Amino acid sequence: MDILRKITKLLFKLVLILAVVVLIFWIKERKNISLDPRQFMQEQLQGVVEKTLPEKSQPKTVNFKWTYNQKNYTLTETLYGSIADFYAAQPKEFEYQGELPTDWKEKYFAMFLQVAPGDDTIAKIAADLKQAGQKNNLKDDQIVELVMAFVQAIPYDEAKAKLILAGSGQGLVSYPYETLYGNTGVCSDKSFLAYALLRHLGYGAALFVYEAENHMAVAVQCANQYSTYDSGYCLAETTAVGSRIGMIPTLSAADNQARSVAKLDYFDNSQDQFDEKNLGPVEIFEKSSGQTYAGIVNTLKISQQIDALSSWIFATKKEFVATNKKINADKAKLEDMRKDLDKLAKAEDAEDYNKMAKKYNNFLVQVQKEIKDYNAQIKVYNQKVNSYNGLIASF
């Protein structure tokens, strides 16, 4: 019996040591993945939201306001602090064992597109947006644009963006419910929300990620020949109000917010200068299939008209600057001739006065014609600017 006890104790010690060794090995192999802190996603997530949705409490009325096709829209939704806190508390760390999965980024983005069982918030808002569009006789493609205008109008969180750009934004990526509840978000937050809404409307969608620029955009399925990067999806920027589907934006260096296509001022008004950069290499994630957005054809047509007008406007403006300079010089010359006429009149030099008066009058007629032609050209120029701004407004 003593021998049996000793053998039993020895086996127990061996099992305990083995368990400790396995535990240590497991801890070493279990890792957390974080991208470079300069990238917009600071911590990674994995899995699905499987926890029980809490009771609805701390109700909050959120009023969404936006404009589409020069018409104002409003949508009032009741959201709940308890549910927003629930999503905010979901794990924000991608855990793995052994080798890093090759599809870990795909899993990371998928995390934010999951909803807890029983949460129909996104589905309800998608239905409300569709109903608002149908009430205003919008076609399917226009309803997609209406949804994008809705997301674009959610205020951009500049403070959060600056934290992310500074490398201090760990854990700041939000679930769509959080974005709706707070009525604010950065590119990733708003892209996840737009993606979820597009899918509930039955459209294929994808996420375009620009790691070098710390930027994300959503994309909607469209005809391949018109798609962005020949991907089968048309980029839809979420951070710039008025950015039309299919247009690649420029980003502000200050906070990474995309810039809308700016309206032009009339001639002689000053233009603001912006520090902007173009988007670089893209990675595409969460590709899904569904209904195809066909409005890109009209967008390209409008874009071509804008480009043509823009080229004419800026070329003509340079000509106007030169013409304006010549007219001012001719006016100064006329003024000098008038002073000479006054001197001749005082000297009662009739012969020289008449000669000078003839030259003055001929030159005056010439300058007046220059001014008349110039004003007529300015009128045409400003009409072109109106046309340009009207096309921009249609975005």
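Now for a quick tour of the structure. Please read all numbers here as calculations on a predicted model, not as lab measurements.

Looking at where Glu 77 falls in the secondary structure, it is placed in strand β3 (residues 71–80). Residues within four places of Glu 77 in sequence aside, it is in contact with Lys 60, Thr 61, Val 62, Phe 64, Lys 124, Ile 125 and Asp 128.

Our focus in this paragraph is the nonpolar core. Counting 62 residues, the largest nonpolar core has Trp 66, Phe 150 and Leu 197 as its most contacted members. Ignoring any residue separated from it by four or fewer positions in sequence, one finds Trp 66 in contact with Lys 71, Asn 72, Tyr 73, Thr 74, Leu 75, Leu 129, Leu 146, Ala 149, Phe 150 and Ala 153. Judged by nonpolar contacts, the second largest core, of eleven residues, contains Phe 208, Ala 219, Leu 235 and Ala 258.

A few words on helix α2 (residues 81–88). Extensive coverage of α2 is indicated by the burial of six of its eight residues. Taken together, the buried positions of α2 are occupied by Gly 81, Ser 82, Ile 83, Ala 84, Phe 86 and Tyr 87. Among the structural elements, β3 and α7 (176–182) are those in contact with the buried residues of α2.

Any two side chains of opposite charge can pair, given that their charged atoms come close. Counted by the stated rule, this structure contains 13 salt bridges. Between Arg 338 and Glu 335 there is a salt bridge; the shortest N-O distance is 2.7 Å. Placement of both Arg 338 and Glu 335 in helix α9 (residues 296–346) is noted, with a separation of three residues, approximately one turn of the helix. Glu 335 gets classed as partly exposed once you look at its relative accessible area, which sits at 33%. Three or more residues are tied together by salt bridges with common partners; here these are Glu 77, Lys 124 and Asp 128.

Moving on, we get to the packing of helix α5 (residues 140–153) against helix α8 (residues 187–200). Look at α5 against α8: their axes get within 10 Å of each other, and the N-to-C directions meet at 155 degrees. Considered as vectors, α5 and α8 are oriented roughly antiparallel to each other. In this structure, α5 crosses over α8, and the sense of that crossing is right-handed. Residues Val 144, Val 147, Met 148, Phe 150, Val 151 and Gln 152 of α5 pack against Lys 190, Leu 193, Ala 194, Leu 197 and Leu 198 of α8.

For the pair helix α4 (residues 121–135) and α8, the least separation of the axes is 9 Å and the interaxial angle reads 70 degrees. Considering the angle they form, α4 stands roughly perpendicular to α8. Like other packed secondary-structure pairs, α4 and α8 cross with a definite hand, here right-handed. For the pair α4 and α8, contact is made by Ile 122, Ala 123, Ile 125, Ala 126 and Leu 129 and by Leu 193, Ala 196, Leu 197 and His 200, respectively.

Another point: the pairing of strand β2 (residues 59–68). Pairing of β2 with β3, which is carried by ten bridges, proceeds in the antiparallel orientation. Bridging from a neighbouring strand, Lys 65 pairs with Thr 74 of β3. Between β2 and the antiparallel strand that follows it, β3, lie two residues; Asn 69 among them carries a positive phi value of about 50 degrees.

Strand order in the open sheet formed by four strands is β7-β6-β5-β10, and the pairing between neighbours is antiparallel. Both outer strands of the open sheet, β7 (233–236) and β10 (283–285), are each paired with one neighbouring strand and no more. Shown here is a sheet whose adjacent strand axes are inclined to one another by a mean of 35 degrees, direction ignored. Bridge count between strand β5 (residues 205–210) and strand β6 (residues 215–221): six bridges; the pairing is antiparallel. When the sheet's bridge partners are listed, Tyr 210 is paired in β6 with His 215. Strands β5, β6 and β10 of the sheet are contacted by helix α3 (residues 104–112), whose axis makes an angle of about 55 degrees with β10.

About the thresholds
Residues numbered from 1 in each chain as written. Predicted model: local features only at pLDDT ≥ 70, side-chain atom pairs only at ≥ 80, totals over all residues. Heavy atoms only, no water. Helix = DSSP H or I, 4+ residues; strand = E, 2+ residues; numbered from the N terminus. Contact = heavy atoms within 4.5 Å. Core = buried A, V, L, I, M, F, W, Y, C linked by side-chain atoms within 4.5 Å. Buried < 20%, exposed > 50% of the residue type's maximum accessible area, 1.4 Å probe, protein only. Salt bridge = Lys/Arg side-chain N within 4 Å of Asp/Glu carboxyl O. Axes fitted to C-alpha atoms, helices over the stretch in contact; angles between N-to-C directions. Parallel < 35°, antiparallel > 145°, perpendicular 65-115°, else oblique. Left-handed = near helix turned anticlockwise from the far one by under 90°. Pairing = 2+ DSSP bridges.

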